[in-house]
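Read off the chains here:
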Amino acid sequence: MVESIKLTKRQEEIIQIVKMNGPIPGKDIAEMLSLTRATLRPDLSILTKVGNLEARPRVGYYYNTDGETKEYIDWFANHLVNEYKAHPIVIKKSTSVYDAIVQIFLKDVGTLYAVNQKGYLAGVISRKDLLRASIGNRNLHDLPVSVIMTRMPNVMTIKPEVSLLDAATMMIDYHIDSLPVVQEVEQKPNTYTVIGRITKTTISRAFLEMANQ
Ligand code: ADP
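Note that the coordinates shown come from a computational prediction; the quantities given were computed from them, not determined experimentally. (Residues numbered from 1 in each chain as written. Predicted model: local features only at pLDDT ≥ 70, side-chain atom pairs only at ≥ 80, totals over all residues. Heavy atoms only, no water.)

**Quick look at the packing of helix α6 (residues 97–107) against helix α7 (residues 127–134)**
Piece 1. Close contact between α6 and α7 brings their axes to 11 Å; oriented N to C, the two are set at 140°. Put simply, α6 runs oblique to α7. Like other packed secondary-structure pairs, α6 and α7 cross with a definite hand, here left-handed. The residues of α7 that touch α6, namely those facing Val97, Ala100, Ile101 and Ile104, are Leu130, Ala133 and Ser134.
Piece 2. Class assignment of the residues belonging to the contact of α6 with α7 gives a composition of six nonpolar, one polar and no charged. (Axes fitted to C-alpha atoms, helices over the stretch in contact; angles between N-to-C directions. Helix = DSSP H or I, 4+ residues; strand = E, 2+ residues; numbered from the N terminus. Parallel < 35°, antiparallel > 145°, perpendicular 65-115°, else oblique. Left-handed = near helix turned anticlockwise from the far one by under 90°. Contact = heavy atoms within 4.5 Å. Nonpolar A, V, L, I, M, F, W, Y, C, P; charged D, E, K, R; others polar.)

**Regarding the packing of helix α8 (residues 164–173) against helix α9 (residues 200–212)**
Packed helix pairs are characterised by how far apart their axes lie and by the angle those axes make with each other.
Piece 1. Interaxial distance between α8 and α9 falls to 10 Å at its minimum, and their mutual angle equals 135°. Compared by their axis directions, α8 and α9 come out oblique. Crossing angle aside, the handedness with which α8 passes α9 is left-handed. For the pair α8 and α9, the contacting residues are Leu164, Ala168, Met171 and Ile172 in the first and Lys200, Ile203 and Ala206 in the second.
Piece 2. For the contact of α8 with α9, the per-class residue count stands at six nonpolar, no polar and one charged.

**Section: the site of the ligand**
Piece 1. Around the ligand there are 14 residues in total, and Ser126, Asp129, Thr150, Met156 and Asp177 lie nearest to it.
Piece 2. Measuring from an oxygen atom of the ligand, one finds a side-chain N or O atom of Ser126 at 2.6 Å.
Piece 3. A distance of 2.9 Å separates an oxygen atom of the ligand from a polar backbone atom of Lys128.
Piece 4. With the chains in place, 86% of the 540 Å² that the ligand exposes on its own is no longer accessible.
Piece 5. Among the secondary structure elements, those contributing two or more residues to the shell around the ligand are β5 (121–126), α7 and β7 (178–184).
Piece 6. For the shell around the ligand, the residue count by class is five nonpolar, five polar and four charged. (Near = heavy atom within 4 Å. Polar contact = N/O pair within 3.5 Å; in protein donor to acceptor, adjacent residues only side chain to side chain. Areas by Shrake-Rupley, 256 points an atom, 1.4 Å probe, with all protein chains shown as cover.)

**Notes on the pairing of strand β4 (residues 111–115)**
Piece 1. When you tally the buried positions in β4, you get five out of five residues, the bulk of the element.
Piece 2. Burial along β4 is two-sided: the residues Thr111, Tyr113 and Val115 and Leu112 and Ala114 are all buried.
Piece 3. Alignment of strand β3 (residues 90–92) against β4, held across three bridges, turns out to be parallel. Bridging across to β4, Val90 finds its partner in Tyr113.
Piece 4. Between the parallel pair β3 and β4, the chain is carried across by α6, and the sense of this crossover is right-handed.
Piece 5. Connecting β4 to the next strand, β5, in antiparallel fashion are five residues, including Gly119 with a positive phi near 90°. (Buried < 20%, exposed > 50% of the residue type's maximum accessible area, 1.4 Å probe, protein only. Pairing = 2+ DSSP bridges. Right-handed = clockwise from strand over helix to strand, strands pointing away.)

**Some details on α7**
Because an α-helix completes one turn every 3.6 residues, residues spaced three or four positions apart along the sequence face the same direction.
Piece 1. Buried residues of α7: Asp129, Leu130 and Ala133, and no others. Taken end-on, α7 shows its buried residues confined to a sector of 95°, consistent with a single buried face. Structural note: α7 exposes Lys128, Leu131 and Arg132 on the side pointing more than 90 degrees away from its buried face.
Piece 2. In this structure, the buried side of α7 is in contact with α6, β5 and β6 (150–151). (Arc of directions from axis to C-beta.)

**Here we look at the sheet that holds β4**
Piece 1. Read across the open sheet, the four strands follow the order β3-β4-β5-β6; overall the sheet is mixed. Either end of the sheet is taken by a strand with one partner, and the two such strands are β3 and β6.
Piece 2. Across the sheet, α6 touches β3 and β4, and the angle it forms with β4 is around 130°.

In structure tokens form, the structure reads like this:
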């Protein structure tokens with residue numbers, strides 16, 4: 001990193017924002033400074049060239065301390081979902097809410113994936129979905145999870161060849177705890193079989209593994 005360059009006030013502000021909020025997309029930095037992305041571009045380009053900031057596609061800018069941050073991010077960018085995915089707990093979408101709650105406890109997971117008659121992903125059921133369904137006086141034995149789940153095509157999925165960094169970014173961006181790892185069914189666009197799951201726990205475990213290396 002070149003230390004001697006004299007930064008402008010705006011560039012100092014950008015560095016502060018990235019230090020506090022990174023990794024952060026350029027458009028969010030622009031928003032925080034009430035500037036357009038185009039106005040900000042030359043500053044971001046200078047700070048990246050000089051080495052104060054690092055840019056990563058789809059993730060954004062992060063503060064470059066001494067190369068360590070970059071090393072961590074590279075580690076997560078180079079390790080793939082396929083290697084870390086856990087076994088998914090899959091139920092039929094006709095399963096009752098009551099039985100889904102039992103499965104959550106038996107299998108010790110926070111999220112279940114529901115499939116249709118053909119075995120293709122139909123929806124996601126989280127703890128909160130089950131709690132919400134339970135606080136009414138409905139008969140949970142007669143209520144199928146298909147009524148309360150987040151349904152396709154609104155389910156965020158992830159492919160096995162994607163990086164852990166992208167998986168973590170998706171979970172944070174969409175405020176969800178887990179992502180079904182899927183394979184698209186041949187000749188059937190947007191139709192998936194579930195082959196695994198990635199959760200925030202997966203990311204924490206990977207972090208520990210990296211730290212121990
Ligand atoms: P919890 O309910 O335990 O907080 P989440 O934060 O994962 O768990 O779920 C919050 C909401 O987001 C729920 O309504 C759930 O159905 C939905 N959800 C969970 N995972 C996904 C996903 N992969 N794609 C779309 N929606 C999801």
